[in-house]
Amino acid sequence: NMYSAQEKRHSLAASDQSLMEEIRRLERRLRSMGEDGDCAYERAISRLYVALVEKRKEQLAALRASGF
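Residues numbered from 1 in each chain as written. Predicted model: local features only at pLDDT ≥ 70, side-chain atom pairs only at ≥ 80, totals over all residues. Heavy atoms only, no water.

Colleague: Quick rundown of the overall build of the chain? Include the residues and the values.
Modeller: Tallying secondary structure elements over the chain gives two helices and zero strands in all. With 68 residues in all, the chain has 19% of them scored as buried. Contacts spanning at least 24 positions in sequence make up 65% of the contacts within the chain whose residues lie at least 6 apart. (Helix = DSSP H or I, 4+ residues; strand = E, 2+ residues; numbered from the N terminus. Buried < 20%, exposed > 50% of the residue type's maximum accessible area, 1.4 Å probe, protein only. Contact = heavy atoms within 4.5 Å.)

As structure tokens, then:
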């Protein structure tokens, strides 16, 4: 393995932090927009943000399960 255990932990920690920050940004944006927009466009964007949050949370869980 070309990476040391410490380098791998650092990389996983950075990825974990990055995913957590992205989740927080998406959730803040979703709260500011409201989940039930006034028009089809706003509702579609809200659904997209909800899906992105779910996907990032799945990625975070997988990262943590990988040994982080």
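Colleague: How would you sum up helix H1 (residues 5-33)? Please name residues and give values.
Modeller: For H1, spanning 29 residues, the distance from its first C-alpha to its last is 42 Å, which sits close to the expected 42 Å at 1.5 Å a residue. Regarding H1, the residues found buried are Leu12, Asp16, Leu19, Ile23, Leu26 and Leu30. Contact partners of the buried residues in H1: helix H2 (40-65). Where H1 ends, the next residue or the one after it, Gly34, has phi of about 85 degrees, a positive value. (Expected span 1.5 Å × (residues − 1).)

Colleague: How would you summarise the side chain of Asp16 if you had to cite specific residues and measurements?
Modeller: Position of Asp16 among the secondary structure elements: in helix H1. In this structure the side chain of Asp16 is engaged in a polar contact, spanning 2.6 Å, whose partner is the side chain of Arg64. (Polar contact = N/O pair within 3.5 Å; in protein donor to acceptor, adjacent residues only side chain to side chain.)

Colleague: So what about the nonpolar core? Which residues, and what values?
Modeller: The biggest cluster of nonpolar side chains holds nine residues, and these are Leu12, Leu19, Ile23, Leu26, Leu30, Tyr49, Val53, Leu60 and Leu63. Residue assignment for this core shows that the elements contributing at least two residues are H1 and H2. Sort the elements by how many residues they give to this core and H1 lands first, with five residues. (Core = buried A, V, L, I, M, F, W, Y, C linked by side-chain atoms within 4.5 Å.)

Colleague: Explain the packing of H1 against H2 residue by residue, including any values.
Modeller: Contact geometry for H1 and H2: axes closest at 9 Å, N-to-C directions at 160 degrees. Our classification of the angle between H1 and H2 gives roughly antiparallel. The handedness of the crossing between H1 and H2 is left-handed. Residues Leu12, Ser15, Asp16, Leu19, Met20, Glu22, Ile23, Leu26, Glu27, Arg29, Leu30 and Met33 of H1 form the contact with H2, whose own contacting residues are Ile45, Ser46, Tyr49, Val50, Leu52, Val53, Arg56, Lys57, Gln59, Leu60, Leu63 and Arg64. (Axes fitted to C-alpha atoms, helices over the stretch in contact; angles between N-to-C directions. Parallel < 35°, antiparallel > 145°, perpendicular 65-115°, else oblique. Left-handed = near helix turned anticlockwise from the far one by under 90°.)

Colleague: Would you mind going over the pattern of salt bridges in detail, with residue names and values included?
Modeller: Per the stated rule, a full pass over the model turns up three salt bridges. One salt bridge connects Arg64 with Asp16, and the closest N-O pair in it is separated by 2.6 Å. Remark: Asp16 occurs in helix H1 and Arg64 occurs in helix H2; sequence separation between them is 48 residues. You can call Arg64 partly exposed: its relative accessible area is 39%. Accessibility expressed as a relative area gives 5% for Asp16, which makes it buried. Measuring nitrogen to oxygen at the nearest pair gives 3.1 Å for the salt bridge that ties Glu27 to Lys57. (Salt bridge = Lys/Arg side-chain N within 4 Å of Asp/Glu carboxyl O.)

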